[in-house]
Amino acid sequence: SPITTPDISTCVPSKEGFNTNDSARSNECCPPAMSTTPKDFVFPKDTTIRVRPAAHRASAEYVAKYKAAIQAMRDLPDEHPHSFVQQAKIHCAYCNGGYSQIASGFPDKTLQIHNSWLFFPFHRWYLYFYERILGKLIDDPTFALPYWNWDVPSGMGVPAFFEEDGKKNPAFDAFRNVNHVSAAAIVDLDYNGSDSGATCLQQISTNLGAMYKQMVSNAADPLSFFGGEFRAGDDPYGNGDPSIGSIEAGCHTAVHRWVGNPRMLNNEDMGNFYSAGYDPLFYVHHANVDRMWKVWKDLGIPGHSEPTDPDWLNASYVFYDENEELVRVYNKDCVQIENLKYDFEVSPLPWFSSRP
Ligand code: C2O
């Protein structure tokens, strides 16, 4: 049977996957218990589509709007379900042992939405609500998250507006690897903890080759791309399990580790699940991960389609929506992004012709 996310009142402090004795962020990651019975999700009735722009090409006007939205989120009291801190805690609760599989009948099994076929749909829903909350905070129903376009050469550095002006900038985060984020460095999409020493041109070409592998040669069927089956009663896979989807195991994790601060015990913020959501770059990174799902499907290659197993389609999670209502959402309802009223600005796919 499918994974069913429990009643949020069963949430406990997170303690898996990081060192809790010397953690820079709290391990109290449970959501506010304003309501415990989730409502059914209804598709948005928006009349316009939110078009997510590539961050490195975003206009000054857009950047100002994005920063105003993040600032408004930071200004909310921490207990508010839309606050910056609560949004970050969602990730920590779902990824570091905050929930068990009690609602699926397995109270002693941990719920983990990484390292399996839950990865893409969970994060799609997470960003969907986050984006709508930001739009609501600035009263802009067309607001869309930027995506960090790390799969094109001109987008491979951290988008400049995340680093400018230091602490005055709501998109800035002090817990990043300064050697990587401040100096227009090119991201290493194969990063495994040590710098490759490659020149810019070499790094760009390695990155394009990695993208080709993760989007084409190692992603020929649904489970290779989405990740291994994960059903009620299963033990979560560990990092490094070969059944993790190609993008999740590859560029997704590499970018997390590359951005996180190696001088901190848990590589806060981006380098650990429990803290990643405290860096605004997390959502911008994941917007591109989410875009990869759409791009992979649109490549038009036979086999590039979502799993059809009912245990994938009917897996569900709960989130507070932009109206502070607790809603239950299913994987099957996030497959068509048209129904969720957002899309991505088109960007070239140079890796498609970069077969290594
Ligand atoms: Cu939930 Cu990028 O990890």
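The preceding data block contains the structure.
Residues numbered from 1 in each chain as written. Predicted model: local features only at pLDDT ≥ 70, side-chain atom pairs only at ≥ 80, totals over all residues. Heavy atoms only, no water.

Enquirer: Please set out the overall build of the chain residue by residue, giving values where relevant.
Expert: For the chain, the count of helices and strands is ten helices and seven strands. In terms of C-alpha radius of gyration, the chain reaches 19 Å, essentially the compact-globule figure of 21 Å for 356 residues. Overall, the chain is about 50 × 50 × 45 Å in size when its C-alpha atoms are taken along their principal axes. Taken across its 356 residues, the chain has 56% of its residues classed as buried. Across the chain, contacts joining residues at least 24 apart in sequence account for 75% of those joining residues at least 6 apart. As displayed, the chain offers around 14,000 Å² of accessible surface, 52% of which is attributable to carbon and sulfur atoms. Positive and negative charge centroids in the chain, built from 29 and 44 side chains respectively, lie 3 Å apart. (Helix = DSSP H or I, 4+ residues; strand = E, 2+ residues; numbered from the N terminus. Rg over C-alpha atoms; globule rule 2.2 N^0.38 Å. Buried < 20%, exposed > 50% of the residue type's maximum accessible area, 1.4 Å probe, protein only. Contact = heavy atoms within 4.5 Å. Areas by Shrake-Rupley, 256 points an atom, 1.4 Å probe, with all protein chains shown as cover. Lys, Arg positive; Asp, Glu negative; His and termini not counted. Charge placed at Lys NZ, Arg CZ, Asp CG, Glu CD.)

Enquirer: Give me the sheet that holds strand E1 (residues 39-40): which residues, what numbers.
Expert: Pairing is mixed across the open sheet formed by three strands, whose spatial order is E1-E6-E5. Lying at the two open borders of the sheet, with one neighbouring strand each, are E1 and strand E5 (316-320). Relative to strand E6 (residues 326-330), E5 is paired through five bridges, and the arrangement is antiparallel. Across the sheet, the residue bridging to Tyr320 is Leu326, located in E6. Across the sheet, helix H3 (residues 119-137) touches E5 and E6, and the angle it forms with E5 is around 15 degrees. (Pairing = 2+ DSSP bridges. Axes fitted to C-alpha atoms, helices over the stretch in contact; angles between N-to-C directions.)

Enquirer: Any chance you could break down the packing of helix H5 (residues 200-217) against helix H7 (residues 246-259) for me, citing the residues and the numbers?
Expert: Between H5 and H7, whose axes approach to 9 Å, the crossing angle comes to 165 degrees. Taken together, the axes of H5 and H7 are roughly antiparallel relative to one another. Considering how the two elements wind past one another, H5 and H7 form a crossing that is left-handed. Along its contact with H5, which presents Met211, Gln214 and Met215, the element H7 presents Ser246, Ile247, Gly250 and Cys251. (Parallel < 35°, antiparallel > 145°, perpendicular 65-115°, else oblique. Left-handed = near helix turned anticlockwise from the far one by under 90°.)

Enquirer: Which residues make up the state of the cysteines, and what are the values?
Expert: Under the definition given, this model contains two disulfides. Shown here is the disulfide that connects Cys29 with Cys92, its sulfur atoms set 2.0 Å apart. Because the torsion about its S-S bond is 70 degrees, the bridge between Cys29 and Cys92 counts as right-handed. Here Cys29 is found in the segment before E1, whereas its partner Cys92 is found in helix H2 (residues 84-95), with 63 residues between them in sequence. The pair Cys29 / Cys92 is uniform in exposure class, with both members buried. Across the chain, the way the bonded cysteines pair up, counted in sequence order, is 1-3, 2-4. Considering cysteine sulfurs only, Cys95 is the nearest to Cys334, which forms no disulfide, with 16 Å between them. (Disulfide = S-S within 2.5 Å.)

Enquirer: Summarise H7; cite the residues concerned and give the values.
Expert: For H7, with 14 residues, the first-to-last C-alpha span of 20 Å sits near the 20 Å given by 1.5 Å per residue. At His252, H7 shows its maximal bend, which comes to roughly 30 degrees. With eleven of 14 residues buried, H7 lies mostly within the body of the structure. Where the residues of H7 are buried, they touch H3, helix H4 (178-181), H5, helix H6 (222-226), helix H8 (273-276) and helix H9 (280-298). (Expected span 1.5 Å × (residues − 1). Bend = angle between axes of the 7 residues up to and from the residue.)

Enquirer: I'd love a proper account of unusual backbone geometry, names of residues and values included.
Expert: Residue Asp269 is bonded to the preceding Glu268 through a cis peptide linkage, with omega at -10 degrees. As for its placement among the helices and strands, Asp269 is situated in the loop between H7 and H8. Here Glu324, not a glycine, exhibits a phi torsion of approximately 65 degrees, which is positive. Checked against the element boundaries, Glu324 lands in the loop between E5 and E6. Phi is positive for Lys341, close to 65 degrees, though the residue is something other than glycine. As for its placement among the helices and strands, Lys341 is situated in the loop between E6 and strand E7 (342-344). What makes Lys341 partly exposed here is its relative accessible area of 22%.

Enquirer: I'd like to hear about H2, residue by residue, with values.
Expert: With twelve residues, H2 should reach 16 Å at 1.5 Å per residue; the first-to-last C-alpha distance of 18 Å fits that figure. The buried fraction of H2 amounts to twelve of the twelve residues, a majority that puts the element mostly inside the structure. Taken as a whole, H2 has its buried residues at Phe84, Val85, Gln86, Gln87, Ala88, Lys89, Ile90, His91, Cys92, Ala93, Tyr94 and Cys95. Summarising the contacts, the buried residues of H2 are in contact with helix H1 (60-75), H3, H8, H9 and E5.

Enquirer: If you had to explain the nonpolar core to someone new, which residues and values would you point to?
Expert: Judged by nonpolar contacts, the single largest core of 102 residues is most densely connected at Tyr66, Tyr94, Trp125, Trp150, Met215 and Tyr317. The contact partners of Tyr94, leaving out residues within four places of it in the chain, are Thr5, Tyr99, Leu111, Gln112, Ile113, Phe122, Tyr317 and Val318. (Core = buried A, V, L, I, M, F, W, Y, C linked by side-chain atoms within 4.5 Å.)

Enquirer: Explain the pattern of salt bridges to me, and be specific about the residues and the numbers.
Expert: Tallied over the entire structure, the rule returns 22 salt bridges. Between Glu131 and Arg52 there is a salt bridge, with its nearest N and O atoms 2.7 Å apart. Here the residue Glu131 occupies a position in helix H3, and Arg52 occupies one in strand E2 (residues 50-52), the gap between them amounting to 79 residues. Glu131 gets classed as buried once you look at its relative accessible area, which sits at 1%. Of the charged contacts, one joins Lys109 and Asp235 as a salt bridge, the two residues approaching to 3.2 Å between their closest N and O atoms. Separated by 126 residues along the polypeptide, Lys109 in strand E4 (residues 106-110) and Asp235 in the loop between H6 and H7 bring together distant segments of the chain. (Salt bridge = Lys/Arg side-chain N within 4 Å of Asp/Glu carboxyl O.)

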